[in-house]
Amino acid sequence: MNITKQFEGYAAAFERVFVDDNWSQLTQYFAINACYITRGATYTKAEGREALLSALRHNLSNFDRRFDKRDLITIEGPWVVGNRLTRKWQCCFTLEGVS
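Residues numbered from 1 in each chain as written. Predicted model: local features only at pLDDT ≥ 70, side-chain atom pairs only at ≥ 80, totals over all residues. Heavy atoms only, no water.

## Topic: helix 1 (residues 3-20)
Rules: Strands are runs of DSSP state E lasting at least 2 residues, helices are runs of H or I lasting at least 4, and numbering of each runs from the N terminus. An expected span of 1.5 Å times one less than the residue number is assigned to each helix. Exposed residues in this analysis have more than 50% of their type's maximum accessible area, buried residues have under 20%, and partly exposed residues fall in between, with area computed by a 1.4 Å probe over protein chains only. Summarising the geometry, the arc corresponds to the directions from the helix axis toward the C-beta atoms. Any pair of N or O atoms that falls within 3.5 Å is considered a polar contact. Within protein, one atom must be able to donate a hydrogen and the other to accept it, and sequence-neighbouring residues count only if both atoms are side-chain atoms.
For helix 1, with 18 residues, the first-to-last C-alpha span of 25 Å sits near the 26 Å given by 1.5 Å per residue. Among the residues of helix 1, Tyr10, Ala13, Phe14 and Val17 are the ones counted as buried. Across the axial projection of helix 1, the buried residues extend over an arc of 110 degrees, all falling on one side. Two or three places before Thr4, at the opening of helix 1, Asn2 has a side-chain oxygen 3.0 Å from that residue's backbone nitrogen. Once helix 1 finishes, Asp21 follows within two positions and takes phi at roughly 60 degrees, a positive value.

## Thoughts on the packing of aromatic side chains
To keep it simple, the criterion reads: Only rings of Phe, Tyr and Trp enter the pairing, Trp through its six-membered ring, and a pair is recorded when the two centres are within 6.5 Å. The plane angle decides the type: under 30 degrees is stacked, over 60 is edge-to-face, the rest tilted.
Enumeration over the complete set of coordinates arrives at eight aromatic pairs. Arranged with centres 5.1 Å apart and planes meeting at 55 degrees, the rings of Phe63 and Phe67 form a pair that is tilted. A relative accessible area of 41% places Phe63 in the partly exposed class. Overall, Phe67 belongs to the partly exposed group, its relative accessible area being 25%. For the pair Phe67 and Phe93, a centre-to-centre distance of 5.1 Å together with 40 degrees between the ring planes defines the contact as tilted. Taken together, the residues span a long stretch of sequence, with Phe67 in the loop between helix 2 (49-62) and strand 3 (69-81) and Phe93 in strand 4 (residues 84-94) at a distance of 26 residues. A relative accessible area of 25% means that Phe93 is categorised as partly exposed. Taken together through their ring pairs, the aromatic side chains of Phe7, Tyr10, Phe14, Trp23, Tyr29 and Phe30 make up a single cluster.

## A word on the pattern of salt bridges
Should their charged atoms come close, side chains of opposite charge can pair. To keep it simple, the criterion reads: Here, a salt bridge means any side-chain nitrogen of Lys or Arg that lies within 4 Å of a carboxyl oxygen of Asp or Glu.
On inspection of all chains with the given rule, the structure shows five salt bridges. We note a salt bridge from Arg70 to Asp64, for which the minimum N-O separation is 2.9 Å. When its relative accessible area of 13% is taken as the criterion, Asp64 is described as buried. Taken together, the shared-partner salt bridges connect Glu15, Asp64 and Arg70 into one network.

Just distances and angles here, no functional claims.
In structure tokens, the structure reads:
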């Protein structure tokens, strides 16, 4: 399977997880030794598939799920170079009743 199709499968599975909280749907997309790094105001690193899924679950529960609506759009890409896929995206979060 090409890397773009694999990523699209992962993205679709992630959106299903957002709705049904069944994290087992994502295990097929991460190697046992996968690493998840978040850079920004703080730096976090989760090493290993289970730690990575736990970090994703934590981030989703503590941020994304606090909003009534979440819209993801691709700004540019994806670009594939070798075995790496890069995509620039943005997410708009909406909380009803807040202006």
